[in-house]
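What follows is each chain in one-letter form.
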Amino acid sequence: MSLCAGIIGLPNVGKSTLFNAITKQKILAENYPFATIDPNVGVVVVPDERIEKLNDMYKPNKKIPTTYEFTDIAGLVKGASTGEGLGNKFLSHIREVDAIVEVVRCFDDGNIIHVDGEINPIRDIETINLELAIADLEIIQNRLDKVSKKARTTKGKEELMELDALEKAKEALEENKPLRLVEFTDEERIALKSYNFLTIKPIIYITNISEGMIGKGDNDYIKQVREYAEKEDAKVVVVCAKLEEDLSELEDEEKKELLEGLDMQTSGLDDLIQATYDLLGLATYFTVGKDEVRAWTFKKGMNAKQCAGIIHTDFEKGFIRAEVMSYEDLISCGSEIAVKEAGKARLEGKDYLMQDGDICHFRFNV
């Protein structure tokens, strides 16, 4: 399941520095977790200590963690919706991602010029969010006439639903309300899905701080962003992009020592990865054995048959059953045999809703 978050922000807010940290980061000797696919796409591992413990238990030939993609999208400028800067190219790149990570500058530094002359995180957020809203409105207005005529002519249920959904979206945007805060019905969401609206995508705000602010708590800029984000029920992650770039150059032990010296349990980048994973309602199940211990990403609410299809379409087509045990039971019992003896191993059918931490073996026949 390939999922991607787009990193956006005004020029000189630390967006590219953060992305550099993503593409350079390494874990163990595999060089797998943070690799660059394209110049602007980085693959990151979702931090999860469970796969490390499973690796220690099974000692497989391969350990494959679950991953997540970050796309570095060119800096947005005021007027992007009307073609300023990279304009529509910038906006089209955002349409392709599953979630938005908006980097906001929350530090003062006279050597780094702000595009608008002074530091004002709320103005920066509103500049970007306004451009996204204008772009969505333009799509709606261009589409409404066509859909309206078709709905009046055919009286079709789908056309009428699409028309109602578009008008509802238009009204919200004109009231300065992003579409992610609008309570659409399931049918309305289906009707709007093909438009890939920008403001309907879930969002996280990254407050980028200077190295001198590490461990000193929230400054006034961060407090402003938290207050703004709270109105949207959005998460805020505090990151020092420069520190993350420095950490990305270190080996694991060195990185751990530096974080401990700063009284930090995890890096801001790890917090960001986990936050974006949670934002999209994702969870992890595992497959284990001597050949491979592997983590698989699935959407919460998916059943066993659908999750089997993540591994291979044949697993879903010929699904028979899933042999399931929980990670917690395996760790507490100490082995698969002990889990079975304790009566905690289960056989589940196709409609079983997969749970985070399930360890599965799928039976299928094609």
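Now for a description of the structure that goes with this document. (Residues numbered from 1 in each chain as written. Predicted model: local features only at pLDDT ≥ 70, side-chain atom pairs only at ≥ 80, totals over all residues. Heavy atoms only, no water.)

**Remarks on the packing of helix α4 (residues 121-154) against helix α7 (residues 220-231)**
- The interhelical angle for the contact between α4 and α7, taken along N-to-C directions, is 40°, at an axis separation of 9 Å. It follows from the interaxial angle that α4 and α7 lie oblique. Across from Pro121, Ile122, Ile125, Glu126 and Asn129 in α4, the residues of α7 making contact are Tyr221, Gln224, Val225 and Tyr228. (Axes fitted to C-alpha atoms, helices over the stretch in contact; angles between N-to-C directions. Helix = DSSP H or I, 4+ residues; strand = E, 2+ residues; numbered from the N terminus. Parallel < 35°, antiparallel > 145°, perpendicular 65-115°, else oblique. Contact = heavy atoms within 4.5 Å.)

**Structural notes on the nonpolar core**
- In terms of nonpolar packing, the biggest core is built from 60 residues, with Tyr68, Phe70, Ile94, Tyr205, Ile206 and Leu272 touching the most fellow members.
- Every residue in contact with Ile94, bar those within four places of it in the chain, is listed here: Ile8, Ile73, Ile100, Leu132, Leu198 and Lys201.
- Core analysis: the next-biggest nonpolar cluster, separate from the first, contains 18 residues, Leu144, Val182, Phe184 and Tyr195 among them. (Core = buried A, V, L, I, M, F, W, Y, C linked by side-chain atoms within 4.5 Å. Buried < 20%, exposed > 50% of the residue type's maximum accessible area, 1.4 Å probe, protein only.)

**A word on the side chain of Glu188**
- Topologically, Glu188 is positioned in helix α6 (residues 186-192).
- Judged by its relative accessible area of 10%, Glu188 is buried.

**Notes on a negative patch on the surface**
- Taken together, the side chains of Glu251, Asp252, Glu253, Glu254, Glu257 and Glu260 define an acidic patch exposed on the protein surface.
- With respect to the helices and strands, the residue Glu253 is situated in helix α9 (residues 252-261). (Patch = residues over 30% accessible without salt bridge, like charges linked within 9 Å, V, L, I, M, F, W, Y side chains within 5 Å. Areas by Shrake-Rupley, 256 points an atom, 1.4 Å probe, with all protein chains shown as cover. Salt bridge = Lys/Arg side-chain N within 4 Å of Asp/Glu carboxyl O. Lys, Arg positive; Asp, Glu negative; His and termini not counted. Charge placed at Lys NZ, Arg CZ, Asp CG, Glu CD.)

**Focus on the pairing of strand β7 (residues 203-208)**
- β7 sits mainly inside the fold: six of its six residues count as buried.
- Covered by surrounding structure in β7 are Ile203, Tyr205 and Thr207 together with Ile204, Ile206 and Asn208, the residues of both alternating faces.
- Sheet analysis places strand β6 (residues 99-105) next to β7, joined by six bridges and oriented parallel. Bridge pairing in β7 links Glu102 to Tyr205.
- As paired strands, β7 and strand β8 (residues 235-239) are joined by five bridges and run parallel to one another. (Pairing = 2+ DSSP bridges.)

**Quick word on the environment of Thr207**
- Here Thr207 lies in strand β7.
- Accessibility expressed as a relative area gives 0% for Thr207, which makes it buried.
- Put simply, Thr207 and Val225 are 18 residues apart on the chain and 7.6 Å apart in space, counted from C-alpha to C-alpha.
- What Thr207 contacts, discounting residues up to four positions off in sequence, is Val104, Cys106, Ile222, Val225, Val236, Val237, Val238 and Val239.

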